[in-house]
Amino acid sequence: MEHVMKPNHAALQSKWVPFQNEGKWELAHFLMKNMGQTKMDEFLKLDIYVDRLHTGPGWTCEMIDVESDIVAEDGTLRHEQLELWQCNPVECIQELMGNPAFWDVMSYVPKHAYTDVNGENCIYDEMWTGNWWWDVQTKLPDGAVVAPVILSLDKATLSQFSGDKKVWPVYLTIGNISKDCFQKKSQSLAGYCLFHHAMSLLLCPLADAGHHGREMTCANGYIHQVHPILAVYIADFPEQCLVACNKESWCPCCLVQSNKYGDLEECTSHSMADMYKTLQCMKKNKQSRKFDTKGLHAVFDPFWKELPFTDIFTCLTPDILHQLHKGIFRDHLVQWCVLIVSEKEVDAHFQAMTQYPALCHFKKGISSVSQWTGMEHKEMQRVFVSLLAGAVEDHILMVVQQHMDTTLTAMEENLKMFHDHKHVLVELEVCKDFNVPKIHSMQHYVSSIHALGSTDGYNTEYPEQLHIDFAKEGYWASNKCNYVEQMALWLQCQEAMHYKSAYLAWRNSCANPLEDGFMDASEMIVVINTAPCLAVKAHYKVAKTPPQHQLPVDHIECDYGAFEFIPTLKCFLASYRFNVYNHMYVETGPSVITGHGWSFQKICASPYIATCGHKKEMPARFDTMFVLDKGYPHTDTIIPNSMRPAQVHIIFKLPEHLGTYPHPLAY
């Protein structure tokens, strides 16, 4: 590899190029974000240089001729022209590999991580910690860099309320980038063949680049020989069957029989070579016993047959949104528990739950909610087992605990425990059998995590959100005529604006490194100077101005329940008035317990507020949190037994005349 990144001093001289000044850049940014195609075309007669901005890979259109089964008036079958708009996937990968914004979250080699110094307990998190990357790396020349390609495809409906405007966006990213940076009716045979033909055209450049590699300038400033190889295909169950060329009554990953979904049995995995051989035998002889026993569709040219170092069946990853959050949990587990405990009792347990900053409080229960989001399912799962404690017998609760432990060994043991005790649910007549594909799919989770890392790196929630950002907003910005072409142009313009915004943010980072989009205009990060040119970085967020001013000590003790307030603060003061906050935001790191990544957790400490005019009364709220116990030093890692629970009664600020203490205090 060769280091090639050098500063471009000429470019640094003109920050707004190709715009004349900041005003014209802001105008262009506003137009591209907020105006539709027709109004924008009129306004773009002004010279605002949008077409001169840097963009990523260009869009091309390829026409696909499809023969339908409808007979025309002249007796021939009708034909339809479909448009395939695409960017070269290798150029997209090259753009991602060379993006300097990813320089500190990009990995170029596989790694092993362990929880112990002896290397006995391996961690599977990012894709580069999985076994798949190590296996592929051994098949490539020395010095080669693997670019694990992650694909996702899901149908998106563009029109609202009426109309049938649909597109099938294909999203691409690479496993080199940390996952912290970033779903259906049955298909006909013609639909299967059309899908595989379109994907073959789209992914054709990956075959040669995967075999021979492509020199790319990467985010670390070096030129690497990069081999883009399909590693993950994110899809829900019907689309997994579409990719695997099998019927939806069969598992897309293994050869389990449909009447054995509810059994915990070792099943033979699909083989790409064997399946392709079976398809070609069927194509040649028009019949094949294996073709029928494997539940295949007659797709004789699957798109994955030419992709190097790819096993399409191991690329099909767990769909935790539809299989777990909306499937096993909502459609089965919650319904089973409601039938056992009763709907009223479950609601009562949710309503009685103590509020905690990192957990969602369902104050009205769950029976009244008609539409659930994936986020609400995850919030409910965090407390579901604890809420059932005491409401059901122990031999029933044992079934539920399959979702709690996070290690792979515990996952296998709990899955086995579920199957050993699932007869309890049949005996209680809450279900008849367990021949459900989503229950069977859990058997593939451990092997998938071993190979590709943790499942949150390939969740179907991501492409569903991307539909809004890239498909639907592009359609809404068009004039609804030849909308696909306009959507491609809109995406290219949005990409150009994004590149320019990222460049300006980088240019401004030295002068203003602290940018905050988390809170509204009335709130900000508190940074107080304790000496000239010396700033204290704060890891919390509070309102710029405390909503409660000059509260006397006796009100603090009475309203906030801070009865030991004066003794606790005897090192600071004797008797003064204080500015008090209603809440603060504390920065927290990733948590295995709550499942949250880096985030700001809201801590509330507010007294009872009586009804006043149109404002309803507000009950008192004093949140509970973990605090560092006395005698333990503050470190980046948690020392065992160093934390204790504490209820926050008041968050306040010292009077300025007592000094320049840089942080709020909490009792």
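Predicted model, so just to flag it, every value in this text is computed and none were measured.

1. Some remarks on the side chain of lysine 500
By the element assignment, lysine 500 lies in helix H19 (residues 483–509). Non-local contacts of lysine 500, meaning those with residues more than four positions away in its chain, are made with Lys15, Trp16, Val17, Pro18, Trp25 and Leu53.

2. Structural notes on the pairing of strand E18 (residues 583–588)
Sheet analysis places strand E15 (residues 540–543) next to E18, joined by two bridges and oriented antiparallel. Bridging across to E18, tyrosine 540 finds its partner in valine 586. When E18 meets strand E19 (residues 599–606), the two strands line up antiparallel, connected through six bridges. Residue pairing in the sheet places valine 586 in a bridge with glutamine 601 of E19.

3. Section: the nonpolar core
With 52 residues, the main nonpolar core has Met97, Met199, Tyr233, Phe303, Trp304 and Ile312 as its most contacted residues. For this core, the secondary-structure elements that each account for two or more residues are helix H3 (89–97), strand E6 (144–153), helix H5 (189–212), strand E11 (222–234), helix H6 (237–244), helix H7 (272–285) and helix H9 (312–315). If one sorts the elements of this core by residue count, H5 sits on top with seven residues. In this structure tyrosine 233 touches Leu151, Leu153, Phe195, Met199, Val243, Phe303, Cys315, Leu316 and Thr317, once residues within four positions along its chain are discounted.

4. Notes on the pattern of salt bridges
If you walk through the whole model with that rule in mind, you get four salt bridges. Arginine 644 is paired through a salt bridge with aspartate 629; the nearest N and O atoms lie 3.3 Å apart. Taken together, the positions of arginine 644 in strand E22 (residues 643–647) and aspartate 629 in the loop between strand E21 (624–628) and E22 put the pair 15 residues apart, joining distant regions of the chain. For arginine 644, a relative accessible area of 36% corresponds to the partly exposed category.

5. Looking at H6
Across the eight residues of H6, seven count as buried, placing the element largely inside the fold. Within the sequence span of H6, burial applies to Pro238, Glu239, Gln240, Cys241, Leu242, Val243 and Ala244. Trailing H6 by a residue or two, cysteine 245 shows a phi angle of about 65 degrees, which is positive.

6. As for the pairing of strand E2 (residues 60–71)
As paired strands, E2 and strand E3 (residues 77–86) are joined by nine bridges and run antiparallel to one another. Considered in E3, the bridge of valine 66 is made with glutamate 80. In this structure, the hairpin formed by E2 and E3 is closed by a connection of five residues, where glycine 75 is found at a positive phi of approximately 90 degrees.

7. Some words on the side chain of glutamine 137
Within the secondary structure layout, glutamine 137 lies in helix H4 (residues 131–137). For glutamine 137, a relative accessible area of 18% puts it in the buried group. Beyond its immediate stretch of four places on either side in the chain, glutamine 137 contacts Pro110, Ala144 and Val146.

8. Observations regarding the confidence of the model for the protein
Mean pLDDT over the protein: 76, with 78% of residues reaching 70 or higher. Counting interchain partners and residues more than four positions distant, the pLDDT-below-50 stretch residues 7–12 has five contacts.

9. Describing the packing of helix H14 (residues 408–421) against helix H17 (residues 445–452)
In the contact formed by H14 and H17, the axes pass within 10 Å of each other and the chain directions differ by 170 degrees. Between H14 and H17, the interaxial angle falls into the category roughly antiparallel. H17 is crossed by H14, and the crossing has left-handed handedness. In this structure, H14 uses Leu408, Met411 and Glu412 to contact H17, whose residues at the interface are Tyr445, Val446, Ile449 and His450. A class-by-class count of the residues in the contact of H14 with H17 yields five nonpolar, one polar and one charged.

Analysis parameters
Residues numbered from 1 in each chain as written. Predicted model: local features only at pLDDT ≥ 70, side-chain atom pairs only at ≥ 80, totals over all residues. Heavy atoms only, no water. Helix = DSSP H or I, 4+ residues; strand = E, 2+ residues; numbered from the N terminus. Contact = heavy atoms within 4.5 Å. Pairing = 2+ DSSP bridges. Core = buried A, V, L, I, M, F, W, Y, C linked by side-chain atoms within 4.5 Å. Buried < 20%, exposed > 50% of the residue type's maximum accessible area, 1.4 Å probe, protein only. Salt bridge = Lys/Arg side-chain N within 4 Å of Asp/Glu carboxyl O. pLDDT = per-residue confidence, 0-100. Axes fitted to C-alpha atoms, helices over the stretch in contact; angles between N-to-C directions. Parallel < 35°, antiparallel > 145°, perpendicular 65-115°, else oblique. Left-handed = near helix turned anticlockwise from the far one by under 90°. Nonpolar A, V, L, I, M, F, W, Y, C, P; charged D, E, K, R; others polar.

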